[in-house]
Amino acid sequence: MKLVVVSAGLSVPSSTRLLADRLAAATDRYTSVDVQIVELRDLAVEIAHNFTSSFPGRALSAALEAVTEADGLIVVTPVFSASYSGLFKSFFDVLDQDALTGKPVLIAATGGSARHSLVLEHALRPLFAYLRAVVVPTAVYAASEDWGAEGLAERIDRAAGELGRLMEGLGSGAGAGAVRRADVADTADVAETGDASVAVDTDTAAAIAPRALDGALASADRFTVIPFEQQLAALRP
């Protein structure tokens with residue numbers, strides 16, 4: 001299976017790329033994958049030209065094709081102004097709107113402070129839900145103080161395991177076209193997992209529950225809606 005990693009880091013070396021590499025390596029431990037890295041830093045000029053000309057350059061075209069044909073994605077962005085970076089968003093703006101339908105996606109971000117960790121839930125997860133991707137429950141945020149500290153490795157391993165099992169489940173089951181991330185308006189149930197609330201429709205739950213996410217979606221009557229405001233209140237001191 002083909003795993004494409006999209007990194008929006010700007011510096012060299014980049015903590016964003018480091019997190020992307022660790023997530024890819026962890027995923028490969030759960031399921032055998034061929035990994036391709038897409039560095040958005042190298043595509044910035046072609047992305048800008050695409051907005052004005054509507055034609056992608058050679059390198060951007062190859063990157064868009066790789067993402068479209070991937071069996072799974074890992075996407076990692078630095079936090080800029082409490083959200084994903086403009087370069088990160090621009091890349092997915094020029095991607096075909098149906099390219100990620102039913103595709104497993106692991107979302108991750110890096111930042112200077114743990115206070116920005118909710119960017120995963122209020123920015124990245126809604127973006128990929130809109131693009132109808134299947135977003136894994138565990139998202140990974142790495143603040144500066146997380147590197148070398150306890151907890152990050154465990155979050156990476158848990159998220160990678162979810163992505164690997166989901167890729168296997170979709171690859172051997174009904175296929176990417178039959179299992180998709182539900183739009184908010186079509187959501188039938190919500191599964192509460194360790195790090196985040198994941199909205200899925202009943203067809204999705206039935207298709208991926210046996211193998212993906214360790215049966216977390218197996219029983220619709222166990223699902224509980226946790227309002228975002230309540231989750232946020234729980235984080236306050």
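In the block above lies the structure referred to throughout.
Residues numbered from 1 in each chain as written. Predicted model: local features only at pLDDT ≥ 70, side-chain atom pairs only at ≥ 80, totals over all residues. Heavy atoms only, no water.

**Looking at the packing of aromatic side chains**
By the definition in use, this model includes five aromatic pairs. Taking the centre distance of 6.2 Å and the plane angle of 70 degrees together, the rings of F88 and F128 count as edge-to-face. Of the two residues, F88 is situated in helix α4 (residues 86-94) and F128 in helix α5 (residues 119-130); the sequence distance between them amounts to 40 residues. The same class applies to F88 and to F128, which are both buried. An aromatic cluster of at least three residues, connected via ring pairs, comprises Y84, F88, F91, F92 and F128. (Phe/Tyr/Trp six-rings, centres within 6.5 Å; stacked < 30°, edge-to-face > 60°. Helix = DSSP H or I, 4+ residues; strand = E, 2+ residues; numbered from the N terminus. Buried < 20%, exposed > 50% of the residue type's maximum accessible area, 1.4 Å probe, protein only.)

**Considerations on the pattern of salt bridges**
All chains considered together, the criterion is met by eight salt bridges. Two residues, E39 and R17, come together in a salt bridge whose shortest N-O distance is 2.7 Å. Note that E39 is positioned in strand β2 (residues 34-39) and R17 in helix α1 (residues 15-30), a separation of 22 residues in sequence. On the basis of relative accessible area, E39 is assigned to the buried category, the value being 11%. (Salt bridge = Lys/Arg side-chain N within 4 Å of Asp/Glu carboxyl O.)

**Things to note about unusual backbone geometry**
The peptide bond linking V12 to P13 adopts the cis configuration, its omega dihedral lying at -5 degrees. Within the fold, P13 resides in the loop between β1 (2-7) and α1. At S54, a position not held by glycine, the phi torsion is positive, near 70 degrees. Within the secondary structure layout, S54 lies in the loop between α2 (44-53) and α3 (58-69). A positive phi angle is found at S81, which is not glycine, with a value near 50 degrees. Within the fold, S81 resides in the loop between β3 (72-80) and β4 (83-84).

**Some points on the side chain of S85**
Counting through the fold element by element, S85 comes out in the loop between β4 and α4. Note on S85: relative accessible area 2%, which makes it buried. The contacts of S85, once residues within four sequence positions are left out, are A8, T77, P78 and F80. (Contact = heavy atoms within 4.5 Å.)

**Topic: the pairing of strand β7 (residues 140-143)**
By the alternation rule, side chains of β7 split into V140 and A142 and Y141 and A143, which are all buried. Note: strand β5 (residues 104-111) against β7, four bridges, orientation parallel. Bridging across to β7, A109 finds its partner in Y141. (Pairing = 2+ DSSP bridges.)

**A look at the environment of D28**
Secondary-structure assignment places D28 in helix α1. Residues D28 and G164, spaced 136 residues apart in sequence, show a C-alpha to C-alpha distance of 7.6 Å.

**Structural notes on α4**
Among the residues of α4, L87, F88, S90, F91, F92 and V94 are the ones counted as buried. The elements touched by buried residues of α4 are β1, α2, α3, β3, β4 and α5.

**Quick notes on α5**
For α5, built from twelve residues, the straight-helix expectation of 16 Å at 1.5 Å per residue is met to within 8% by its first-to-last C-alpha distance of 16 Å. Taken together, the buried positions of α5 are occupied by V119, L120, A123, L124, R125, L127, F128 and A129. Count one or two residues on from α5 and you reach R132, which has phi positive near 65 degrees. (Expected span 1.5 Å × (residues − 1).)

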